[in-house]
Amino acid sequence: MIGIEGIDGAGKRTLFGKLSTALTERGLSVRGRAFPRYGVDVHADLVRDALHGDLGPVSDSPHAMGLLYALDRRDAAEGLRADLERYDVVLLDRYVASNAAYGAARLRQDADGDFVRWVHDLEISRFRLPVPDAHLLLSVTPTVAASRVTRREATEVGRERDIYESDADLQARCAALYEQLARRGWLAPWTVVDAVSTVDTNRLVDELFG
Ligand SMILES: Cc1cn([C@H]2C[C@H](O)[C@@H](COP(=O)(O)O)O2)c(=O)[nH]c1=O
């Protein structure tokens, strides 16, 4: 199970698609999932409302938001465990590490702070969510990521920027948090992928799967 992580606009969705194709071409069965599961889980829908300022003070509280993201994953845990039995590779577009990075960045803590520990206690120790085997961190400057978010807005009709995407300082702190989590090997080993230019997916698959 591989978690694909990075700030908004880092290119996670693109890599997710390319990796799925490359792994399938090598004869592996692949199951992809994305969190939050908007339209599937009530907690994820509350997250979406909060991200657009439609849930009152909930969006002001990193812990309230963190709990909603965690509950969405807890509701998916049984399905995830079944996927792990059935598929060679489970690819995740965001997972527990997103909660650690964004919440800690909002609270201006670092990776050794209370929030990252709180996420671990809640999602891993208490909810017993499956632990990933590896993380891929798409590393990109916040400026490049922001320009990708702007480009995506132009093509996705009706899509409104959420409260995190509009906050350049938060994105910069979040990028720093991800780098710290990667250096510490938080939860699983991390491979940092330079995502400013086009990622060589086949090379990445070779690195990951030999
Ligand atoms: C999955 C997840 C996302 N997030 C944030 C990252 C994004 O800015 C936002 C929405 O995710 P998305 O843009 O990938 O749909 O939620 C968390 O803070 N914690 C989480 O657990």
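Values in this document were obtained by computation on a predicted structure and should not be read as measured data.

Draft legend 1. The pattern of salt bridges, seen in detail. Applying the stated criterion across every chain yields a total of 14 salt bridges. Of the charged contacts, one joins Arg 31 and Asp 83 as a salt bridge, the two residues approaching to 3.3 Å between their closest N and O atoms. Of the two residues, Arg 31 sits in strand 2 (residues 30-34) while Asp 83 sits in helix 3 (residues 62-86), which places them 52 residues apart along the sequence. Among the residues examined, Asp 83 registers a relative accessible area of 6% and is labelled buried.

Draft legend 2. Representation of the site of the ligand in the model. Neighbouring the ligand are the residues Asp 8, Phe 35, Pro 36, Tyr 38, Leu 51, Tyr 69, Arg 73, Arg 94, Ser 98, Asn 99, Tyr 102 and Tyr 164. A distance of 2.8 Å separates an oxygen atom of the ligand from a polar side-chain atom of Arg 73. Arg 94 is positioned such that a nitrogen or oxygen atom in its side chain is 2.8 Å from an oxygen atom of the ligand. If the ligand stood free it would expose 470 Å²; the protein chains cover 91% of that surface. Those elements giving two or more residues to the shell around the ligand turn out to be helix 3 and helix 4 (96-106). With 3 residues, the single largest contributor to the shell around the ligand is helix 4. Of the residues assigned to the shell around the ligand, the class counts are 7 nonpolar, 2 polar and 3 charged.

Draft legend 3. Layout of the UniProt feature "domain: Thymidylate kinase-like" (unreviewed entry) in the protein. UniProt marks residues 4-186 with the feature "domain: Thymidylate kinase-like" (unreviewed entry), using the numbering shown here. Each end of residues 4-186 is marked by a C-alpha atom, and these two atoms are 14 Å apart; helix forms 57% of the span and strand 10%.

Draft legend 4. Structural detail: the nonpolar core. The biggest cluster of nonpolar side chains holds 64 residues, and the ones touching the most others in it are Ile 7 and Trp 186. By residue number, the principal contributor to this core is helix 3, which donates 8 residues. The residues contacting Ile 7, other than those within four sequence positions of it, are Lys 12, Arg 94, Tyr 102, Val 140, Pro 142, Ala 145, Gln 171, Cys 174, Ala 175 and Tyr 178.

Draft legend 5. Molecular detail of helix 3. With 25 residues, helix 3 ought to run about 36 Å at 1.5 Å a step, and its terminal C-alpha atoms sit 35 Å apart, in line with that. At Ala 77, helix 3 shows its largest bend, some 50 degrees.

Draft legend 6. Quick peek at the packing of aromatic side chains. On inspection of all chains with the given rule, the structure shows 5 aromatic pairs. On the basis of an interplanar angle of 20 degrees and a centroid distance of 5.6 Å, the ring pair of Tyr 102 and Tyr 164 is categorised as stacked. In this pair, Tyr 102 sits in helix 4 while Tyr 164 sits in the loop between helix 6 (142-155) and helix 7 (168-184), placing the two residues 62 residues apart along the sequence. For Tyr 102, a relative accessible area of 6% translates into the label buried. Put simply, the rings of Tyr 102, Tyr 164, Tyr 178 and Trp 190 touch in pairs and so form one group of aromatic residues.

Draft legend 7. Main features of the packing of helix 4 against helix 7. Closest axis-to-axis distance for the helix 4/helix 7 pair is 8 Å, and the angle between their directions is 130 degrees. In terms of orientation, helix 4 and helix 7 fall into the oblique class. For helix 4 against helix 7, the interelement crossing comes out right-handed. Contacts between helix 4 and helix 7 involve Ala 97, Ser 98, Ala 100, Ala 101, Tyr 102, Ala 104, Ala 105 and Arg 106 from the former and Leu 170, Gln 171, Arg 173, Cys 174, Leu 177, Tyr 178 and Leu 181 from the latter. When the residues that make up the contact of helix 4 with helix 7 are grouped by side-chain class, the tally is 11 nonpolar, 2 polar and 2 charged.

Draft legend 8. Fine view of the pairing of strand 4 (residues 134-139). Most of strand 4 is tucked away: 5 of the 6 residues are buried. Alignment of strand 1 (residues 2-5) against strand 4, held across 4 bridges, turns out to be parallel. The partner of Gly 3 across the bridge, within strand 4, is His 135.

Criteria and cut-off values
Residue indices follow the written sequence of each chain, beginning from 1 at its first position. pLDDT decides what is reported in this predicted model: residues at 70 or higher carry local features, side-chain atom pairs at 80 or more are listed and counted, and totals for whole chains, interfaces and linings draw on all residues regardless. In computing side-chain properties, one takes all heavy atoms of the structure into account and sets aside hydrogens as well as water. Definition used for salt bridges: Asp or Glu carboxyl oxygen within 4 Å of a side-chain nitrogen of Lys or Arg. Numbered from the N terminus, helices here are DSSP runs of H or I no shorter than four residues, and strands are runs of E no shorter than two. Throughout, exposure labels follow a simple rule: accessible area from a 1.4 Å probe, protein chains only, divided by the maximum for the residue type, with under 20% read as buried, over 50% as exposed, and the rest as partly exposed. Being near a molecule or strand, for a residue, comes down to having at least one heavy atom within 4 Å of it. Here a polar contact is recorded for every N or O atom pair within 3.5 Å, except that within protein the pair must consist of a potential hydrogen donor and a potential acceptor, and residues adjacent in sequence are included only if both atoms are side-chain atoms. Under the convention used here, a 1.4 Å probe and the Shrake-Rupley method define accessible areas, while residue burial counts only the protein chains that appear. Ten residues, namely Ala, Val, Leu, Ile, Met, Phe, Trp, Tyr, Cys and Pro, are considered nonpolar, four, namely Asp, Glu, Lys and Arg, are considered charged, and the remaining ones, Gly among them, are considered polar. UniProt positions are given in the numbering used here, feature names are shortened, and annotations may be inferred rather than shown by experiment. Residues grouped as a nonpolar core are buried Ala, Val, Leu, Ile, Met, Phe, Trp, Tyr and Cys residues, joined through side-chain atoms within 4.5 Å. It only takes one pair of heavy atoms within 4.5 Å for two residues to be counted as in contact. A helix is expected to span 1.5 Å for every residue after the first. Bend is computed residue by residue as the angle between axes fitted to the seven residues ending at the residue and the seven residues starting at it. When the centres of two rings from Phe, Tyr and Trp lie within 6.5 Å, Trp using its six-membered ring, the rings pair. Their planes under 30 degrees apart give stacked, over 60 give edge-to-face, and anything left gives tilted. Under this scheme, a helix contributes an axis fitted over its contacting stretch, all axes are lines through C-alpha atoms, and angles between N-to-C directions fall in the 0 to 180 degree range. In this scheme, roughly parallel covers angles under 35 degrees and roughly antiparallel covers those over 145, while 65 to 115 is roughly perpendicular and the rest are oblique. We call a crossing left-handed when the near helix sits turned anticlockwise from the far one by less than a right angle, and right-handed when that turn is clockwise. Paired strands, as defined in this entry, are two strands with at least two bridges between them according to DSSP.

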